[in-house]
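This is what each chain is made of:
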Amino acid sequence: MIMDKPITELSNFVTKDIDVANADGIVRLLQQAESQIFSGYSLYKGVYDHCILESVKVIAHNIAGVLKDPCKNAVVISGCGTSGRLAFAVAKFFAHVSGNNSCYRYLIAGGDKVLLRSLEAPEDDFQRGADDLQKAVEGKTQVVFIGVSCGLSAPYVAGQLNYCLDHGDRFTSVLLGFNPTDMARRTPIANWDKTFYDVVKRMEQNCEYAHIINPVVGPEPITGSTRMKGGTATKMLLEVIFSMAHLLSRDHVITPTVAIDLIQCYELAWRQVCLLKDSISKAVQLAGESLLAGGHIYYVGCKRSGLIGMIDASECPPTFGSSFTDIQGFVAGGYSTLDNDSGDLSEAEGCYIDLDYFRDHVMPQLSSHDLVVVTMICENSGEFQKHVWVNN
């Protein structure tokens, strides 16, 4: 039986009263909904299911083969909105780790400006997706393409996957999402004779060079907001896949349980964060008070922690109806740290992200209603340090 709505678009019974909960209650409800990422949802397959873990291993081996000749080959991660921003963050991180900038590519519907501001129209353009992919891998012999669409719905990604299937001798295609395949979107795509569902079925018929990773992590805490659990699961699974691929590309022997072990590390990290519920609740309370008083929230940080703050800020306008200036992110080094393909977008798009800009133009205007969130990660040890919450 086909459900009226895909799971990613359903309301989550756990958080049905989140709109009337206080800060402590909001955090408790979010944690309960997040637990479904690891525990699974209803009778559907989850991240620990054998078929999911086997697909992760196969894709890691494929990527490892590509990484051994980075000049000739490429790995491309693509998505729309938050999925595209996470594609960017993961691609840049592993390019830095491996030293293979020439091998890694990211694509985001609408281009680099969407890293900082939401723009939904390009997400519906299947042809632009295919054209962007073709341009990104020009001159490359073998390509592993990973298209992220949490709801199995984005036309931009569908166009790219279909292009990969048309060129199966050159492309290994991977779809990452969080609905069962029979819930892929069947709505007609403008100016195309295919739906996302059609592309998914085509992938299933070409399993030799097409793979689907689609554990079900349950409905989002805020209905349809796949930046939440979908975003968490996307980041986790991409990092697990690429961590394994890098070990394999350097001829390391990995244990049969390495995928499970890595996912369990993420689950442990999540449980450790849950222990900070009281501190997180306080931060939520401060943020709510700032916005209710007409203030602003500013994330400031360095390197990866600063980038994560910027990703969160960029999603607030489309998800919660905030203005661009209500919640903003700044990172030390600005666009040099971002290292995006289009370079500095400060003047062209009005997107100022450097901490120097925050110091010179924002700090002098701070009021008692504003909240500054300083995010820090110990980059060398990989251990998360405590967030510093400052209410000015």
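This text follows the structure it describes.
These remarks concern the structure in this document. This is a predicted model, so every value here is computed, not measured.

**Here's the deal with the overall build of the protein chain**
Moving on, step 1. When helices and strands are tallied, the protein chain shows 14 helices and nine strands.
Moving on, step 2. By the compact-globule yardstick of 21 Å for 392 residues, the protein chain fits well, its C-alpha radius of gyration being 20 Å.
Moving on, step 3. When its C-alpha atoms are laid out on the principal axes, the protein chain stretches across 60 × 50 × 45 Å.
Moving on, step 4. When the 392 residues of the protein chain are sorted by exposure, 50% land in the buried category.
Moving on, step 5. A sequence separation of at least 24 residues applies to 74% of the contacts in the protein chain between residues at least 6 apart.
Moving on, step 6. Counting only carbon and sulfur atoms, one obtains 53% of the accessible surface of the protein chain, whose full area is about 18,100 Å².
Moving on, step 7. For the protein chain, the separation between the mean place of its 32 positive charges and that of its 45 negative charges on side chains is 3 Å.

**Focus on the packing of aromatic side chains**
The geometry of two aromatic rings is summed up by the distance between their centres and the angle between their planes.
Moving on, step 1. The full count for this structure, using the stated rule, is 13 aromatic pairs.
Moving on, step 2. With 5.1 Å between their ring centres and 85° between their planes, Phe93 and Phe94 make a pair best called edge-to-face.
Moving on, step 3. Relative to Trp192, the ring of Phe126 has its centre 4.3 Å away and its plane inclined at 5°; by these criteria the two rings are stacked. Residue Phe126 is located in helix H5 (residues 126–136), and its partner Trp192 is located in the loop between strand S4 (171–176) and helix H7 (196–204); the two are separated by 66 residues in the primary sequence. Trp192 carries the same exposure label as Phe126, and that label is buried.

**A few points about the sheet that holds strand S2 (residues 104–108)**
Moving on, step 1. Overall, parallel pairing links the five strands, which are arranged S2-S1-S3-S4-S5 in an open sheet. What marks the edges here is a single partner per strand, and that holds for S2 and strand S5 (210–213). The mean inter-strand angle of the sheet, taken between neighbouring strand axes irrespective of direction, is 15°.
Moving on, step 2. Looking at chain direction, strand S1 (residues 74–79) and S2 are connected through five bridges and run parallel. Bridge assignment links Gly79 to a residue of S2, and that residue is Ile108.
Moving on, step 3. Those strands touched by H5 are S1, S2, strand S3 (143–148) and S4, and its axis lies near 160° from that of S2.

**What about the pattern of salt bridges?**
Moving on, step 1. This structure, assessed with the given rule, holds 17 salt bridges.
Moving on, step 2. Its salt-bridge partner being Lys201, residue Glu204 comes within 3.0 Å of it at the nearest N-O pair. In this pair, Glu204 and Lys201 both sit in helix H7, three residues apart, roughly one turn of the helix.
Moving on, step 3. Measuring nitrogen to oxygen at the nearest pair gives 3.0 Å for the salt bridge that ties Glu267 to Arg271. One end of the pair is Glu267 and the other is Arg271, both in helix H9 (residues 258–274) and four residues apart, which spans about a single turn.
Moving on, step 4. Look at Glu267 and you get buried, because its relative accessible area is 15%.
Moving on, step 5. Several salt bridges converge on common partners, so that one network encompasses Asp24, Arg28, Lys277 and Asp278.

**As for the pairing of S2**
Regular strands have side chains that alternate between both faces of the sheet.
Moving on, step 1. Among the five residues of S2, four are classified as buried, and the element is accordingly described as predominantly covered.
Moving on, step 2. Assessed by its sense of winding, the connection that carries the chain from S1 through helix H4 (residues 82–98) to S2 is right-handed.

**Observations regarding the environment of Tyr106**
Moving on, step 1. By the secondary structure assignment, Tyr106 is in strand S2.
Moving on, step 2. Along the sequence, Tyr106 and Ile146 sit 40 residues apart, while their C-alpha atoms lie 9.6 Å from each other.
Moving on, step 3. If we ignore the near neighbours within four places in the chain, the residues touching Tyr106 are Ile77, Ala87, Phe88, Ala91, Lys92, Asp112, Leu115, Asn340 and Asp341.

**Concerning the side chain of Gln160**
Moving on, step 1. Considering the arrangement of structural elements, one finds Gln160 in helix H6 (residues 155–166).
Moving on, step 2. Here Gln160 falls in the buried class, since its relative accessible area comes to 0%.
Moving on, step 3. Residues in contact with Gln160, not counting those within four places in the same chain, are Ser78, Leu107, Gly129, Ala130, Leu133 and Phe145.

**Overview of helix H10 (residues 277–292)**
Moving on, step 1. In this model, H10 (16 residues) spans 22 Å end to end at C-alpha, consistent with the 22 Å of a helix rising 1.5 Å per residue.
Moving on, step 2. Taken residue by residue, H10 has Lys277, Ser281, Ala283, Leu286, Ala287 and Ser290 as its buried positions.
Moving on, step 3. Of the residues trailing H10, Gly294 is marked for its positive phi of about 85°.

**Overview of the packing of H6 against H7**
Moving on, step 1. Interhelical geometry of H6 versus H7 gives an angle of 35° and a closest axis separation of 10 Å. Between H6 and H7 the crossing geometry is left-handed. Seen from H6, the contacting residues are Ala158, Leu161, Asn162, Leu165 and Asp166; seen from H7, they are Phe196, Val199, Arg202 and Met203.
Moving on, step 2. Taken together, the residues of the contact of H6 with H7 sort by class into six nonpolar, one polar and two charged.

**Structural notes on the packing of helix H8 (residues 229–249) against H9**
Moving on, step 1. In contact at an axis separation of 10 Å, H8 and H9 are set at 135° when each is read in the N-to-C sense. Judged by the angle between their axes, H8 and H9 are oblique. Crossing angle aside, the handedness with which H8 passes H9 is right-handed. Here Met236, Leu237, Glu239, Val240, Ser243 and Met244 of H8 lie close against H9, whose contacting residues are Val258, Ala259, Leu262, Ile263 and Tyr266.

The rules behind these values
- Residues numbered from 1 in each chain as written.
- Predicted model: local features only at pLDDT ≥ 70, side-chain atom pairs only at ≥ 80, totals over all residues.
- Heavy atoms only, no water.
- Helix = DSSP H or I, 4+ residues; strand = E, 2+ residues; numbered from the N terminus.
- Rg over C-alpha atoms; globule rule 2.2 N^0.38 Å.
- Buried < 20%, exposed > 50% of the residue type's maximum accessible area, 1.4 Å probe, protein only.
- Contact = heavy atoms within 4.5 Å.
- Areas by Shrake-Rupley, 256 points an atom, 1.4 Å probe, with all protein chains shown as cover.
- Lys, Arg positive; Asp, Glu negative; His and termini not counted.
- Charge placed at Lys NZ, Arg CZ, Asp CG, Glu CD.
- Phe/Tyr/Trp six-rings, centres within 6.5 Å; stacked < 30°, edge-to-face > 60°.
- Pairing = 2+ DSSP bridges.
- Axes fitted to C-alpha atoms, helices over the stretch in contact; angles between N-to-C directions.
- Salt bridge = Lys/Arg side-chain N within 4 Å of Asp/Glu carboxyl O.
- Right-handed = clockwise from strand over helix to strand, strands pointing away.
- Expected span 1.5 Å × (residues − 1).
- Left-handed = near helix turned anticlockwise from the far one by under 90°.
- Nonpolar A, V, L, I, M, F, W, Y, C, P; charged D, E, K, R; others polar.
- Parallel < 35°, antiparallel > 145°, perpendicular 65-115°, else oblique.

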